[in-house]
Amino acid sequence: MACDLIAGTEERVDLIIASESACAGSLLTAMTALLEARGGGVAVRLLCTPAKLDGRLVREYAARRRWIEVRVARIPLFVAVIADRREALVIADSVVGQKASLIRSEGVVAPLLNLFDGVWRNSVAVADQLDFGDAARTETARRILEQLRAGNTDEASARDLAMSVRTYRRYTAEIMSLLGATSRFQAGVRIAELGLLPTIPR
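On a predicted model such as this, the values are computed, not experimentally measured, just so you know.

Draft legend 1. Inspection of the side chain of D84 at higher detail. Along the chain, D84 turns up in the loop between β4 (78–83) and β5 (87–94). What makes D84 buried here is its relative accessible area of 9%. A polar contact of 2.9 Å, which involves the side chain of D84, links it to the backbone nitrogen of E10. Non-local contacts of D84, meaning those with residues more than four positions away in its chain, are made with G8, T9, E10, E11 and R12.

So, in structure tokens, the structure goes:
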């Protein structure tokens, strides 16, 4: 049903994948097929948790901002498809198993879309994940983020990290710019919550 909804989309698809649901992979496959068939004629927004990022999708589409925008956010465990702002399918787990609801009522689809838009505005674009090029710089960024989350002053943080205040502020400005954060504390909390900082191989 969800795949049919995606396949029949004419203008835009808004997709949420934040569940272990078996249909998640099928939805990504259907969305990829739709994009390839339409050659970019359909706009797609995908919201997911960091754990749900599909490697192929991100690599081939999001990394080049090709046809699709992918963002990550803290969202409840469910899957949803909103097609052309007119129809929606919501799939969620319950105590009696998986439940799916097909919604065609404008009075229900509109609030669902408003909810999606609100989460989208406060999410982080996949292309904006922090990538400082090598393990050493990534480890430095991680240590700076700990300082931001702790709310330490620039001078104290730079001293703890054995770097100049100027270098510390340059890193901090870069991190805030990537995250669209309005404060240093927000940047530290946001990166920790979303798990966007790459894991460094040991």
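Moving on, there is more to tell.
Draft legend 2. Region of interest: the pattern of salt bridges. Taken as a whole, this structure holds seven salt bridges when the rule is applied. Measuring nitrogen to oxygen at the nearest pair gives 2.7 Å for the salt bridge that ties R169 to D154. One end of the pair, R169, is in helix α7 (residues 165–179); the other, D154, is in helix α6 (residues 154–160), and 15 residues separate them in sequence. A residue is classified by how much of its surface remains accessible, and R169, at 39% relative accessible area, is partly exposed.

Draft legend 3. Local environment of helix α2 (residues 23–38). An ideal rise of 1.5 Å per residue puts 22 Å on 16 residues; α2 measures up with 22 Å between its terminal C-alpha atoms. Among all positions in α2, only C23, A24, L27, L28, A30, M31, T32, L34 and L35 are buried. Just beyond α2, the residue with positive phi is G39, at close to 60 degrees.

Draft legend 4. Spatial organisation of the nonpolar core. Residues L15, L27, M31, L46 and V81 are the most contacted members of the largest nonpolar core, which totals 27 residues. Elements represented by at least two residues in this core include exactly α1 (2–7), β1 (12–17), α2, β2 (43–48), β3 (68–72), β4 and β5. Broken down by element, this core gets its largest block of residues, eight residues, from α2. By size, the runner-up hydrophobic cluster in this structure holds 16 residues, among which are I16, A18, L113 and W120.

Calculation rules
Residues numbered from 1 in each chain as written. Predicted model: local features only at pLDDT ≥ 70, side-chain atom pairs only at ≥ 80, totals over all residues. Heavy atoms only, no water. Helix = DSSP H or I, 4+ residues; strand = E, 2+ residues; numbered from the N terminus. Buried < 20%, exposed > 50% of the residue type's maximum accessible area, 1.4 Å probe, protein only. Polar contact = N/O pair within 3.5 Å; in protein donor to acceptor, adjacent residues only side chain to side chain. Contact = heavy atoms within 4.5 Å. Salt bridge = Lys/Arg side-chain N within 4 Å of Asp/Glu carboxyl O. Expected span 1.5 Å × (residues − 1). Core = buried A, V, L, I, M, F, W, Y, C linked by side-chain atoms within 4.5 Å.

Taken by themselves, the reported measurements are silent on function.
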